[in-house]
Amino acid sequence: MTCLSAKDKDTVKVFWAKVADKVEEVGSDALSRMLAVYPQTKTYFSHWKDLSPGSAPVNKHGKTVMLGVGQAVACIDDLNAGLLTLSELHAFTLRVDPANFKILSHCLLVVLSIKFPNDFTPEVHVSLDKFLAALSRALSEKYR
Amino acid sequence: MVVWTDFERATITDIFSKLDYEAVGGATLARCLIVYPWTQRYFGNFGNLYNAAAILGNPMIAKHGTTILHGLDRAVKNMDNIKATYAELSVLHSEKLHVDPDNFKLLSDCLTIVVAAQLGKAFTGEVQAAFQKFLAVVVSALGRQYH
């Protein structure tokens, strides 16, 4: 498992504190983008009536996902333990192909770049990218 | 052959017409070298890349970033023939520069993020889709002559 340095963890925590009151907005935008830019991801949401940006299911689910990321920030010192239940959910119930974690991570970074153009410096970018990769790995832990 | 919708053509041309090639090129390459430090392997002769500040202030990196953006410009101006337009560049990257083609994707992700910051809300999901489709075609063309 990747070691996030102390600096990475601090950077992530400080930056995420800025995102905290915009979780629904950020989550909804990231999810909408993912569905638009990577249409194959729509296959996981065939049960939604409306996949358009700003629709009720997209907003709700975007918020859910971002709260999950926030949970990961809170347990950043032991992601495997902290995300155990979520990993089991994704492994056994949702069965999302882990390649999609990378896709959503990228879309999230794009949204953060738009909403926080001054704060999302290259140093913050690298720490966040590492964190999201570690998060994705922890989420895939229970797959097989 | 790649099929471009009118929206995609207009979007790509519009985006590039708004970009300051120097600023965006330099910022993109610097970001790539910082976020994916192994990409520094190709820049051994570029002076001080010791930390993020050094990379961001490095004039050789800035200059090369501009070169890259001008290279992309050629694809923008030849959208119906990117493969042929980039044949020589592909050979260059393969035979002379020995760049692992996976790096093209890393750089294009950084470019997407830099452009997103610049365009702000105007960089909608549809615009991003068109932009990333364009970059995917570019990346594919650049990798084409590898063997």
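Where an unreviewed UniProt entry is consulted, chain B appears under the name Hemoglobin beta embryonic-1.1, with the organism given as Sander lucioperca. In the Sequence similarities (unreviewed entry) part of its UniProt record, chain B is described as follows: "Belongs to the globin family."

Looking up chain A in an unreviewed UniProt entry gives the name Hemoglobin embryonic subunit alpha-like, with the organism given as Sander lucioperca. According to the UniProt record, the Sequence similarities (unreviewed entry) comment for chain A reads "Belongs to the globin family."

## Notes on the overall build of chain A
Along its length, chain A carries seven helices and zero strands. For 144 residues, the compact-globule formula gives about 15 Å, and the C-alpha radius of gyration of chain A, at 15 Å, lands near that figure. Dimensions of chain A, computed from the C-alpha atoms along their principal axes, are close to 45 × 40 × 20 Å. The buried share of chain A, reckoned over its 144 residues, is 49%. Taking the intrachain contacts of chain A between residues at least 6 apart in sequence as the baseline, contacts between residues at least 24 apart amount to 75%.

## A short note on the UniProt feature "domain: Globin" (unreviewed entry) in chain A
In the numbering used here, UniProt assigns the feature "domain: Globin" (unreviewed entry) to residues 3–144 of chain A. Taken end to end, residues 3–144 of chain A is 70% helix and 0% strand, and its first and last C-alpha atoms sit 22 Å apart.

## As for the pattern of salt bridges
In this structure the tally under the stated criterion is eleven salt bridges over all chains. In this structure, A:Asp119 engages A:Lys18 in a salt bridge whose closest nitrogen and oxygen atoms are separated by 3.4 Å. With A:Asp119 in the loop between α6 (99–115) and α7 (122–140) and A:Lys18 in helix α1 (residues 6–19), the pair connects residues that are 101 residues apart, well separated along the chain. The partly exposed category is assigned to A:Asp119, whose relative accessible area is 31%. Residue classification places A:Lys18 among the partly exposed positions, given a relative accessible area of 37%. Put simply, B:Glu8 and B:Lys133 hold a salt bridge, and the shortest N to O gap is 2.9 Å. Taken together, the residues B:Glu8 in helix α1 (residues 6–18) and B:Lys133 in helix α8 (residues 125–143) connect sequence positions 125 residues apart. The structure contains a network of salt bridges with shared partners spanning A:Glu25, A:Asp29, A:Arg33 and A:Lys115.

## Regarding the nonpolar core
Formed by 77 residues in total, the largest nonpolar core has its most connected members in A:Phe131, B:Phe16, B:Phe123 and B:Phe134. For this core, the leading source of residues is α6(A), giving ten residues. Judged by nonpolar contacts, the second largest core, of 16 residues, contains A:Val126, B:Phe46, B:Ala52 and B:Ile55.

## Brief notes about the interface of chain B and chain A
Contact with chain B, which involves 19 residues of that partner, is made by 18 residues of chain A. Across the interface of chain B and chain A, roughly 1,600 Å² is buried in total on both sides, 63% from carbon and sulfur atoms. One can count zero salt bridges joining chain B with chain A. Inspection of the chain B/chain A interface yields eight residue pairs in polar contact (both at pLDDT 80 or more). Elements that contribute at least two residues to the side of chain B that touches chain A include exactly α2 (21–35), α3 (52–57), α7 (102–119) and α8 of chain B. Top contributing element to the side of chain B that touches chain A by residue count: α7(B), with five residues.

## Some details on the packing of aromatic side chains
Residue and element names in this part refer to chain B. Under the definition given, this model contains twelve aromatic pairs over all chains. Here Phe16 and Phe134 contribute two aromatic rings whose centre-to-centre distance is 5.6 Å and whose plane-to-plane angle is 70 degrees, an arrangement assigned as edge-to-face. Taken as a pair, Phe16 in helix α1 and Phe134 in helix α8 lie far apart in primary sequence, 118 residues in all. Classification of Phe134 by relative accessible area gives buried; the value is 0%.

## Overview of the UniProt feature "domain: Globin" (unreviewed entry) in chain B
Mapped onto the present numbering, the UniProt feature "domain: Globin" (unreviewed entry) falls on residues 3–147 of chain B. Helix and strand shares over residues 3–147 of chain B are 72% and 0% respectively, and the end C-alpha atoms of the span are 26 Å apart.

## Remarks on the packing of α7(A) against α2(B)
Axis separation between α7(A) and α2(B) bottoms out at 9 Å; the angle between their running directions is 40 degrees. Judged by the inter-axis angle, α7(A) sits oblique to α2(B). You can see that α7(A) and α2(B) cross each other, and the crossing is right-handed. For the pair formed by α7(A) and α2(B), the contact residues are A:Pro122, A:Glu123, A:His125, A:Val126 and A:Asp129 on the first element and B:Arg31, B:Ile34 and B:Val35 on the second. Here the residues of the contact of α7(A) with α2(B) are counted per class, giving four nonpolar, one polar and three charged.

Here is what the cut-offs are and how they apply
- Residues numbered from 1 in each chain as written.
- Chains lettered and ligands numbered in written order.
- Predicted model: local features only at pLDDT ≥ 70, side-chain atom pairs only at ≥ 80, totals over all residues.
- Heavy atoms only, no water.
- UniProt positions renumbered as here; feature names shortened; annotations may be inferred.
- Helix = DSSP H or I, 4+ residues; strand = E, 2+ residues; numbered from the N terminus.
- Rg over C-alpha atoms; globule rule 2.2 N^0.38 Å.
- Buried < 20%, exposed > 50% of the residue type's maximum accessible area, 1.4 Å probe, protein only.
- Contact = heavy atoms within 4.5 Å.
- Salt bridge = Lys/Arg side-chain N within 4 Å of Asp/Glu carboxyl O.
- Core = buried A, V, L, I, M, F, W, Y, C linked by side-chain atoms within 4.5 Å.
- Buried area = accessible area lost by both parts, 1.4 Å probe.
- Polar contact = N/O pair within 3.5 Å; in protein donor to acceptor, adjacent residues only side chain to side chain.
- Phe/Tyr/Trp six-rings, centres within 6.5 Å; stacked < 30°, edge-to-face > 60°.
- Axes fitted to C-alpha atoms, helices over the stretch in contact; angles between N-to-C directions.
- Parallel < 35°, antiparallel > 145°, perpendicular 65-115°, else oblique.
- Left-handed = near helix turned anticlockwise from the far one by under 90°.
- Nonpolar A, V, L, I, M, F, W, Y, C, P; charged D, E, K, R; others polar.

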